[in-house]
2 protein chains.
Amino acid sequence: MGRVNFGNIEGVLLTPLTIIPGELGNVLHAMTNSSAGFGGFGEAYFSTVTQGKIKGWKKHTRMTLNLVVPAGNVTFVLYDDRKESRTFGTFFKTGLSPESYRRLTVPPHIWFAFQGDGEPLNLVLNIADLPHDPQEIESLPINDPKFSADVWK
Amino acid sequence: MGRVNFGNIEGVLLTPLTIIPGELGNVLHAMTNSSAGFGGFGEAYFSTVTQGKIKGWKKHTRMTLNLVVPAGNVTFVLYDDRKESRTFGTFFKTGLSPESYRRLTVPPHIWFAFQGDGEPLNLVLNIADLPHDPQEIESLPINDPKFSADVWK
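Now for a quick tour of the structure. (Residues numbered from 1 in each chain as written. Chains lettered and ligands numbered in written order. Predicted model: local features only at pLDDT ≥ 70, side-chain atom pairs only at ≥ 80, totals over all residues.)

1. What about the environment of K59(A)?
Residues and elements named next belong to chain A. Operational definition: Helix and strand labels come from DSSP, where a helix needs a run of H or I of at least four residues and a strand needs a run of E of at least two; each type is numbered from the N terminus. Between the buried cut of 20 or more and the exposed cut of 12 or fewer other C-beta atoms within 10 Å of a residue's own C-beta lies the partly exposed class, and all C-beta atoms are placed from the backbone. Note on contacts: residues are paired as contacts if their backbone-placed C-beta atoms lie within 7 Å.
By the element assignment, K59 lies in strand β5 (residues 54–60). Overall, the presence of 20 C-beta atoms within 10 Å leaves K59 in the buried class. Sequence spacing of K59 and H109 is 50 residues, and the spatial spacing of their C-alpha atoms is 5.8 Å. Excluding its chain neighbours within four sequence positions, the residues that come into contact with K59 are H109, I110, W111 and E138.

2. A word on the sheet that holds strand β1 (residues 13–16) of chain A
The line we're drawing: In this description, strands pair whenever DSSP reports at least two bridges between them.
Taking strand neighbours across the sheet as the criterion, the 7 strands line up as β1(A)-β9(A)-β6(A)-β11(A)-β4(A)-β3(B)-β2(B) in an open arrangement whose pairing is antiparallel. Two strands bound the open sheet, and with one partner strand each, they are β1 of chain A together with β2 (19–20) of chain B. In the sheet, strand β4 (residues 43–48) of chain A pairs with strand β11 (residues 123–128) of chain A via 6 bridges, with the strands oriented antiparallel. If you follow A44(A) over to β11(A), its bridge partner there is I127(A).

3. Description of the nonpolar core
Nonpolar side chains in soluble globular proteins tend to end up buried together. Rules: Only buried Ala, Val, Leu, Ile, Met, Phe, Trp, Tyr and Cys residues enter a nonpolar core, and they are joined through C-beta atoms within 7 Å.
Formed by 74 residues in total, the largest nonpolar core has its most connected members in A30(A), L78(A), F112(A), A30(B), L78(B) and F112(B). Once residues within four sequence positions are removed from consideration, F112(A) is found in contact with G56(A), W57(A), K58(A), F76(A), V77(A), L78(A) and V106(A).

4. Overview of the interface of chain B and chain A
Counting residues at the interface gives 30 residues for chain B, matched by 30 residues for chain A. Among the secondary structure elements, those contributing two or more residues to the side of chain B that touches chain A are β3 (27–32), β4 (43–48), β6 (65–71) and β11 (123–128) of chain B. Bridge analysis of strand β3 (residues 27–32) of chain A against β4(B) gives 5 bridges, and the strand direction is antiparallel. Each residue of the ladder has a partner; that of V27(A), found in β4(B), is S47(B).

5. Quick look at the relation of the copies chain B and chain A
The cut-off we apply is this: Least-squares superposition aligns the copies on the C-alpha atoms of those residues with pLDDT at or above 70 in both.
Superposing chain B onto chain A takes a rotation of 180° combined with a translation of 0.0 Å along the rotation axis, leaving an RMSD of 0.0 Å. Here the symmetry operator amounts to a two-fold rotation axis. Closest to the rotation axis within chain B is the C-alpha of F41(B), separated from it by 3.1 Å. Of the residues that chain B buries at the interface, 100% are likewise interface residues in chain A, meaning the two copies contact each other through the same surface.

Structure follows, in C-alpha coordinates:
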(Lines give C-alpha, C1' and ligand atoms only; values in the text may rest on other atoms or scores of the structure.)
Protein backbone atom coordinates (compact mmCIF):
# COMPACT_ATOMS: atom_id res chain seq x y z
CA MET A 1 0.00 0.00 0.00
CA GLY A 2 2.98 2.28 0.57
CA ARG A 3 3.03 5.65 2.25
CA VAL A 4 -0.08 7.81 2.22
CA ASN A 5 0.24 10.96 0.10
CA PHE A 6 -1.07 13.70 2.42
CA GLY A 7 -1.34 17.32 1.31
CA ASN A 8 -3.70 20.06 0.31
CA ILE A 9 -6.42 19.32 -2.24
CA GLU A 10 -7.32 21.78 -4.98
CA GLY A 11 -10.61 23.51 -4.13
CA VAL A 12 -10.71 22.39 -0.49
CA LEU A 13 -10.82 25.33 1.94
CA LEU A 14 -10.17 25.45 5.66
CA THR A 15 -11.41 28.81 6.98
CA PRO A 16 -10.83 29.96 10.58
CA LEU A 17 -14.04 30.91 12.40
CA THR A 18 -14.66 33.19 15.37
CA ILE A 19 -16.13 32.23 18.73
CA ILE A 20 -17.37 35.21 20.76
CA PRO A 21 -17.40 34.28 24.44
CA GLY A 22 -20.10 35.68 26.72
CA GLU A 23 -21.12 35.48 30.35
CA LEU A 24 -24.37 33.66 29.54
CA GLY A 25 -23.03 31.61 26.64
CA ASN A 26 -21.04 31.97 23.43
CA VAL A 27 -21.73 32.88 19.82
CA LEU A 28 -20.05 30.66 17.22
CA HIS A 29 -19.89 31.91 13.66
CA ALA A 30 -20.58 29.38 10.90
CA MET A 31 -21.16 31.04 7.53
CA THR A 32 -22.55 34.15 5.85
CA ASN A 33 -23.66 34.70 2.28
CA SER A 34 -20.33 36.43 1.58
CA SER A 35 -18.09 33.78 3.17
CA ALA A 36 -15.35 31.92 1.32
CA GLY A 37 -16.86 28.71 -0.02
CA PHE A 38 -20.44 29.99 -0.13
CA GLY A 39 -22.15 29.25 -3.44
CA GLY A 40 -25.81 29.45 -2.54
CA PHE A 41 -28.02 27.82 0.06
CA GLY A 42 -29.65 24.46 -0.62
CA GLU A 43 -29.90 22.77 2.77
CA ALA A 44 -28.49 22.80 6.28
CA TYR A 45 -28.46 19.58 8.30
CA PHE A 46 -26.56 17.97 11.15
CA SER A 47 -24.78 14.63 11.31
CA THR A 48 -23.67 13.02 14.54
CA VAL A 49 -20.97 10.36 14.64
CA THR A 50 -20.34 8.07 17.60
CA GLN A 51 -16.90 8.12 19.22
CA GLY A 52 -14.60 5.64 17.43
CA LYS A 53 -16.95 5.21 14.46
CA ILE A 54 -16.30 6.36 10.90
CA LYS A 55 -18.99 7.52 8.46
CA GLY A 56 -18.01 7.25 4.77
CA TRP A 57 -16.80 7.03 2.15
CA LYS A 58 -19.07 9.36 0.24
CA LYS A 59 -18.71 11.61 -2.76
CA HIS A 60 -21.11 14.24 -4.07
CA THR A 61 -21.10 14.88 -7.80
CA ARG A 62 -22.77 18.32 -7.61
CA MET A 63 -22.95 19.49 -3.97
CA THR A 64 -20.37 21.66 -2.23
CA LEU A 65 -20.30 20.96 1.51
CA ASN A 66 -19.46 23.49 4.20
CA LEU A 67 -18.74 21.65 7.44
CA VAL A 68 -18.58 23.09 10.96
CA VAL A 69 -18.25 21.20 14.27
CA PRO A 70 -19.83 23.18 17.16
CA ALA A 71 -19.64 20.25 19.62
CA GLY A 72 -17.21 17.37 20.05
CA ASN A 73 -14.23 16.52 17.91
CA VAL A 74 -14.34 15.05 14.41
CA THR A 75 -11.50 13.93 12.12
CA PHE A 76 -12.18 14.34 8.42
CA VAL A 77 -10.25 12.59 5.67
CA LEU A 78 -10.72 13.72 2.05
CA TYR A 79 -9.38 12.07 -1.09
CA ASP A 80 -8.94 13.59 -4.53
CA ASP A 81 -9.40 11.13 -7.38
CA ARG A 82 -10.39 13.74 -9.97
CA LYS A 83 -8.22 12.71 -12.92
CA GLU A 84 -7.87 16.30 -14.16
CA SER A 85 -6.83 17.65 -10.74
CA ARG A 86 -3.35 18.92 -9.94
CA THR A 87 -3.73 17.21 -6.56
CA PHE A 88 -4.96 13.85 -7.91
CA GLY A 89 -4.13 11.00 -5.53
CA THR A 90 -3.80 13.28 -2.48
CA PHE A 91 -5.38 12.69 0.93
CA PHE A 92 -6.24 15.65 3.18
CA LYS A 93 -6.80 15.12 6.89
CA THR A 94 -7.98 17.61 9.49
CA GLY A 95 -9.68 17.76 12.86
CA LEU A 96 -12.63 20.08 13.53
CA SER A 97 -13.90 21.02 16.98
CA PRO A 98 -14.85 24.12 18.98
CA GLU A 99 -11.22 24.17 20.21
CA SER A 100 -9.97 24.16 16.62
CA TYR A 101 -12.85 26.06 15.13
CA ARG A 102 -12.80 26.23 11.34
CA ARG A 103 -15.11 25.66 8.38
CA LEU A 104 -14.14 22.91 5.94
CA THR A 105 -15.33 23.45 2.36
CA VAL A 106 -15.48 20.27 0.26
CA PRO A 107 -16.13 20.76 -3.47
CA PRO A 108 -17.94 18.16 -5.61
CA HIS A 109 -16.12 14.96 -6.68
CA ILE A 110 -13.99 14.75 -3.53
CA TRP A 111 -14.31 11.55 -1.46
CA PHE A 112 -14.74 12.13 2.26
CA ALA A 113 -15.19 10.22 5.50
CA PHE A 114 -15.25 11.34 9.13
CA GLN A 115 -14.59 9.80 12.51
CA GLY A 116 -16.01 10.72 15.90
CA ASP A 117 -13.28 11.46 18.44
CA GLY A 118 -15.21 13.17 21.25
CA GLU A 119 -17.65 12.16 23.94
CA PRO A 120 -20.62 12.13 24.26
CA LEU A 121 -21.57 14.17 21.19
CA ASN A 122 -19.77 14.77 17.89
CA LEU A 123 -21.93 17.16 15.88
CA VAL A 124 -21.30 18.24 12.28
CA LEU A 125 -23.29 20.98 10.57
CA ASN A 126 -23.29 20.89 6.79
CA ILE A 127 -24.39 24.04 4.98
CA ALA A 128 -24.80 22.73 1.45
CA ASP A 129 -25.47 24.56 -1.79
CA LEU A 130 -28.05 21.94 -2.88
CA PRO A 131 -30.86 20.15 -1.07
CA HIS A 132 -30.34 16.43 -0.44
CA ASP A 133 -30.49 14.39 -3.65
CA PRO A 134 -29.49 10.71 -3.52
CA GLN A 135 -28.85 10.86 -7.29
CA GLU A 136 -25.73 12.93 -6.79
CA ILE A 137 -24.21 10.82 -3.98
CA GLU A 138 -21.80 7.92 -4.47
CA SER A 139 -20.79 5.63 -1.62
CA LEU A 140 -18.01 3.11 -1.02
CA PRO A 141 -17.36 0.93 2.04
CA ILE A 142 -14.93 2.39 4.56
CA ASN A 143 -12.45 -0.42 3.81
CA ASP A 144 -12.56 -0.03 0.01
CA PRO A 145 -9.06 -0.61 -1.47
CA LYS A 146 -9.21 2.81 -3.20
CA PHE A 147 -8.48 4.32 0.23
CA SER A 148 -5.52 3.38 2.38
CA ALA A 149 -6.61 2.29 5.85
CA ASP A 150 -3.45 4.02 7.07
CA VAL A 151 -5.13 7.41 6.74
CA TRP A 152 -6.92 6.85 10.06
CA LYS A 153 -3.73 6.10 12.02
CA MET B 1 -48.92 42.10 37.05
CA GLY B 2 -51.90 39.90 36.22
CA ARG B 3 -52.06 36.74 34.16
CA VAL B 4 -49.74 36.25 31.21
CA ASN B 5 -51.52 36.14 27.88
CA PHE B 6 -50.02 33.05 26.22
CA GLY B 7 -50.98 31.99 22.71
CA ASN B 8 -49.86 31.77 19.12
CA ILE B 9 -48.24 34.81 17.51
CA GLU B 10 -49.03 35.83 13.94
CA GLY B 11 -46.13 34.88 11.67
CA VAL B 12 -44.38 32.61 14.18
CA LEU B 13 -43.99 29.05 12.88
CA LEU B 14 -43.13 25.86 14.72
CA THR B 15 -42.22 23.21 12.15
CA PRO B 16 -41.58 19.54 13.08
CA LEU B 17 -38.21 18.25 11.87
CA THR B 18 -36.99 14.73 11.16
CA ILE B 19 -34.15 12.89 12.89
CA ILE B 20 -32.92 9.86 10.93
CA PRO B 21 -31.25 7.42 13.33
CA GLY B 22 -28.25 5.41 12.19
CA GLU B 23 -25.85 2.83 13.60
CA LEU B 24 -22.88 5.19 13.42
CA GLY B 25 -24.77 8.37 14.25
CA ASN B 26 -27.87 10.30 13.31
CA VAL B 27 -28.87 12.83 10.69
CA LEU B 28 -30.92 15.79 11.93
CA HIS B 29 -32.71 17.92 9.39
CA ALA B 30 -32.60 21.70 9.89
CA MET B 31 -33.76 23.60 6.80
CA THR B 32 -33.86 23.52 3.00
CA ASN B 33 -34.37 26.32 0.51
CA SER B 34 -37.98 25.18 0.11
CA SER B 35 -38.80 24.90 3.83
CA ALA B 36 -41.56 26.83 5.56
CA GLY B 37 -40.05 30.01 6.93
CA PHE B 38 -37.16 30.18 4.46
CA GLY B 39 -36.78 33.61 2.89
CA GLY B 40 -33.17 33.55 1.70
CA PHE B 41 -29.83 32.87 3.33
CA GLY B 42 -27.92 35.63 5.07
CA GLU B 43 -26.01 33.91 7.86
CA ALA B 44 -25.91 30.77 9.98
CA TYR B 45 -24.46 30.95 13.50
CA PHE B 46 -24.70 29.15 16.82
CA SER B 47 -25.52 30.50 20.27
CA THR B 48 -24.92 28.57 23.45
CA VAL B 49 -26.71 29.37 26.69
CA THR B 50 -25.63 28.16 30.11
CA GLN B 51 -28.09 26.10 32.16
CA GLY B 52 -30.32 28.40 34.21
CA LYS B 53 -29.28 31.53 32.31
CA ILE B 54 -31.51 33.61 30.02
CA LYS B 55 -30.30 35.51 26.94
CA GLY B 56 -32.52 38.39 25.84
CA TRP B 57 -34.57 40.39 25.32
CA LYS B 58 -33.81 41.07 21.69
CA LYS B 59 -35.78 42.17 18.68
CA HIS B 60 -34.71 42.27 15.04
CA THR B 61 -36.31 44.89 12.85
CA ARG B 62 -35.48 43.17 9.52
CA MET B 63 -34.15 39.64 10.16
CA THR B 64 -36.25 36.49 10.21
CA LEU B 65 -34.71 33.86 12.51
CA ASN B 66 -34.95 30.11 12.03
CA LEU B 67 -33.94 28.38 15.25
CA VAL B 68 -33.02 24.73 15.74
CA VAL B 69 -31.62 23.05 18.88
CA PRO B 70 -29.51 19.98 18.00
CA ALA B 71 -28.09 19.58 21.53
CA GLY B 72 -29.48 20.34 24.97
CA ASN B 73 -32.79 21.88 25.86
CA VAL B 74 -33.75 25.53 25.40
CA THR B 75 -36.95 27.38 26.36
CA PHE B 76 -37.87 30.28 24.08
CA VAL B 77 -40.29 33.04 25.00
CA LEU B 78 -41.53 35.40 22.29
CA TYR B 79 -43.59 38.56 22.70
CA ASP B 80 -45.65 40.37 20.10
CA ASP B 81 -45.81 44.14 20.60
CA ARG B 82 -46.51 44.96 16.94
CA LYS B 83 -49.37 47.43 17.29
CA GLU B 84 -50.94 46.35 13.99
CA SER B 85 -50.84 42.64 14.84
CA ARG B 86 -53.92 40.55 15.54
CA THR B 87 -51.88 38.87 18.30
CA PHE B 88 -50.58 42.10 19.90
CA GLY B 89 -49.76 41.59 23.59
CA THR B 90 -49.38 37.80 23.28
CA PHE B 91 -46.51 35.73 24.67
CA PHE B 92 -45.51 32.47 22.98
CA LYS B 93 -43.46 29.90 24.89
CA THR B 94 -41.92 26.69 23.59
CA GLY B 95 -39.10 24.26 24.33
CA LEU B 96 -36.73 23.06 21.63
CA SER B 97 -34.42 20.06 21.95
CA PRO B 98 -33.46 16.92 19.99
CA GLU B 99 -36.25 15.14 21.93
CA SER B 100 -38.78 17.75 20.81
CA TYR B 101 -37.18 18.49 17.49
CA ARG B 102 -38.74 21.45 15.65
CA ARG B 103 -37.69 24.62 13.87
CA LEU B 104 -38.92 27.90 15.34
CA THR B 105 -39.36 30.72 12.82
CA VAL B 106 -39.36 34.22 14.35
CA PRO B 107 -40.34 37.06 12.01
CA PRO B 108 -38.99 40.61 12.43
CA HIS B 109 -40.33 42.88 15.21
CA ILE B 110 -40.99 40.01 17.66
CA TRP B 111 -39.20 40.20 21.02
CA PHE B 112 -37.50 36.98 22.09
CA ALA B 113 -35.40 35.54 24.89
CA PHE B 114 -34.20 32.03 25.64
CA GLN B 115 -33.14 30.03 28.66
CA GLY B 116 -30.72 27.10 28.89
CA ASP B 117 -32.36 24.08 30.51
CA GLY B 118 -29.91 21.27 29.65
CA GLU B 119 -26.44 20.19 30.74
CA PRO B 120 -23.66 20.60 29.75
CA LEU B 121 -24.45 22.15 26.37
CA ASN B 122 -27.47 24.07 25.08
CA LEU B 123 -26.83 24.81 21.42
CA VAL B 124 -29.03 26.96 19.17
CA LEU B 125 -28.52 27.22 15.41
CA ASN B 126 -29.97 30.32 13.78
CA ILE B 127 -30.37 30.23 10.00
CA ALA B 128 -31.07 33.89 9.29
CA ASP B 129 -32.14 35.61 6.09
CA LEU B 130 -29.69 38.49 6.71
CA PRO B 131 -26.09 38.65 7.85
CA HIS B 132 -25.49 40.10 11.32
CA ASP B 133 -26.16 43.84 11.44
CA PRO B 134 -26.22 45.58 14.85
CA GLN B 135 -28.29 48.39 13.27
CA GLU B 136 -31.36 46.17 13.06
CA ILE B 137 -31.16 44.75 16.62
CA GLU B 138 -32.88 46.25 19.67
CA SER B 139 -32.19 45.01 23.19
CA LEU B 140 -33.89 45.35 26.55
CA PRO B 141 -32.83 43.98 29.94
CA ILE B 142 -34.33 40.62 30.86
CA ASN B 143 -36.26 42.25 33.74
CA ASP B 144 -37.70 45.11 31.66
CA PRO B 145 -41.29 45.84 32.81
CA LYS B 146 -42.56 45.36 29.24
CA PHE B 147 -42.23 41.62 29.86
CA SER B 148 -43.85 39.78 32.74
CA ALA B 149 -41.27 37.84 34.76
CA ASP B 150 -44.00 35.20 35.15
CA VAL B 151 -43.36 33.94 31.62
CA TRP B 152 -40.33 31.96 32.88
CA LYS B 153 -42.27 30.12 35.61
